[in-house]
Amino acid sequence: MKDRRTSKTKRAIRSAFLQLLEHKPLNQITVAEISREADLGRGTFYLHYKDIRDLSDQLENELLRELEELYDASLPCDTMENLIKLTETLTEYMESNREVFILLARREQEAATFQKIKQFFVKKLILEDRRPFDEYKQTEAIFLVAGVVGVLEVWISEGMNKPRQLISKCLHEVLMKMDI
């Protein structure tokens, strides 16, 4: 029972945080505001998070962890089927977490989140590539990730107005042209 209550409380706190984040920058949000919005006491907030930055970091880390799980589930990415699965899975995940990704894209101070996503995918590509590590391999990984994440960033910053299937299909077609 306690785990369900904890999950419910954390969801309420995160939901309140995201609602406030729509209207205010991160550094102007207070624990008191989140607590009021979530209809919880401030002490309850502190049972789960040290401060607002900790809440933001945990939300970001959760996204990165889930992206890693999605990526790992699509391995290896050396076949057309797996590449299609990866692009569809990523866009589906982003669409299902639309609110969070749109807020992250709008907040200038959180551009670091997209940088972390890029670094994560570069490392994954380099580790997955069976060729010996060299400068070309690293450059190729950086180039591919910057392109894919760049397309996703634009899609997110425009409010995800285009269907995710279209974005996924376009990404896949571009990657296929590059003979990935």
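Conventions we followed
- Residues numbered from 1 in each chain as written.
- Predicted model: local features only at pLDDT ≥ 70, side-chain atom pairs only at ≥ 80, totals over all residues.
- Heavy atoms only, no water.
- Helix = DSSP H or I, 4+ residues; strand = E, 2+ residues; numbered from the N terminus.
- Buried < 20%, exposed > 50% of the residue type's maximum accessible area, 1.4 Å probe, protein only.
- Contact = heavy atoms within 4.5 Å.
- Areas by Shrake-Rupley, 256 points an atom, 1.4 Å probe, with all protein chains shown as cover.
- Expected span 1.5 Å × (residues − 1).
- Polar contact = N/O pair within 3.5 Å; in protein donor to acceptor, adjacent residues only side chain to side chain.
- Salt bridge = Lys/Arg side-chain N within 4 Å of Asp/Glu carboxyl O.
- Axes fitted to C-alpha atoms, helices over the stretch in contact; angles between N-to-C directions.
- Parallel < 35°, antiparallel > 145°, perpendicular 65-115°, else oblique.
- Left-handed = near helix turned anticlockwise from the far one by under 90°.
- Nonpolar A, V, L, I, M, F, W, Y, C, P; charged D, E, K, R; others polar.

### Some points on the overall build of the protein chain
- When helices and strands are tallied, the protein chain shows nine helices and zero strands.
- Listing every helix and strand of the protein chain by position from the N terminus yields α-α-α-α-α-α-α-α-α.
- Among the 180 residues that make up the protein chain, the fraction classed as buried is 39%.
- For the protein chain, the share of sequence-separated contacts (at least 6 apart) that also reach a separation of at least 24 residues comes to 60%.
- Approximately 10800 Å² of the protein chain is accessible, and the part contributed by carbon and sulfur atoms is 53%.

### Digging into helix 4 (residues 52-73)
- Between its first and last C-alpha, helix 4 extends 32 Å over 22 residues, near the 32 Å set by a 1.5 Å rise per residue.
- The complete set of buried residues in helix 4 reads Ile52, Asp54, Leu55, Ser56, Leu59, Glu60, Leu63, Leu64, Leu67 and Tyr71.
- One side-chain oxygen at the N-terminal end of helix 4 lies 3.2 Å from the backbone nitrogen of Arg53; it belongs to Asp51.

### A look at the side chain of Thr91
- Mapped onto the fold, Thr91 is located in helix 5 (residues 80-96).
- Look at Thr91 and you get buried, because its relative accessible area is 0%.
- A distance of 3.0 Å separates a polar side-chain atom of Thr91 from the backbone oxygen of Thr87.
- Those residues in contact with Thr91, other than ones at most four positions away along the chain, are Leu152, Trp155, Arg164, Ile167 and Ser168.

### A closer look at the pattern of salt bridges
- Evaluation of the coordinates by the stated rule reveals eleven salt bridges.
- Glu60 is paired through a salt bridge with Lys116; the nearest N and O atoms lie 2.5 Å apart. Within this pair, whereas Glu60 is found in helix 4, its partner Lys116 is found in helix 7 (residues 111-128), the two being separated by 56 residues in sequence.
- Put simply, Asp72 and Lys124 hold a salt bridge, and the shortest N to O gap is 2.7 Å. A residue pair is termed long-range when its members are at least 10 positions apart, and Asp72 in helix 4 and Lys124 in helix 7 qualify at 52 residues.
- Among the charged side chains, a network of salt bridges with common partners joins Glu68, Asp72 and Lys124.

### A look at the packing of helix 8 (residues 135-157) against helix 9 (residues 164-177)
- Contact geometry for helix 8 and helix 9: axes closest at 11 Å, N-to-C directions at 160°. The orientation of helix 8 with respect to helix 9, classified from their angle, is roughly antiparallel. Relative to helix 9, helix 8 is oriented so that their crossing is right-handed. Contacts between helix 8 and helix 9 involve Leu144, Val148, Val151, Leu152 and Trp155 from the first element and Arg164, Ile167, Leu171 and Leu175 from the second.
- Per-class residue counts for the contact of helix 8 with helix 9 are eight nonpolar, no polar and one charged.

Treat this as a map of the structure, not an account of what it does.
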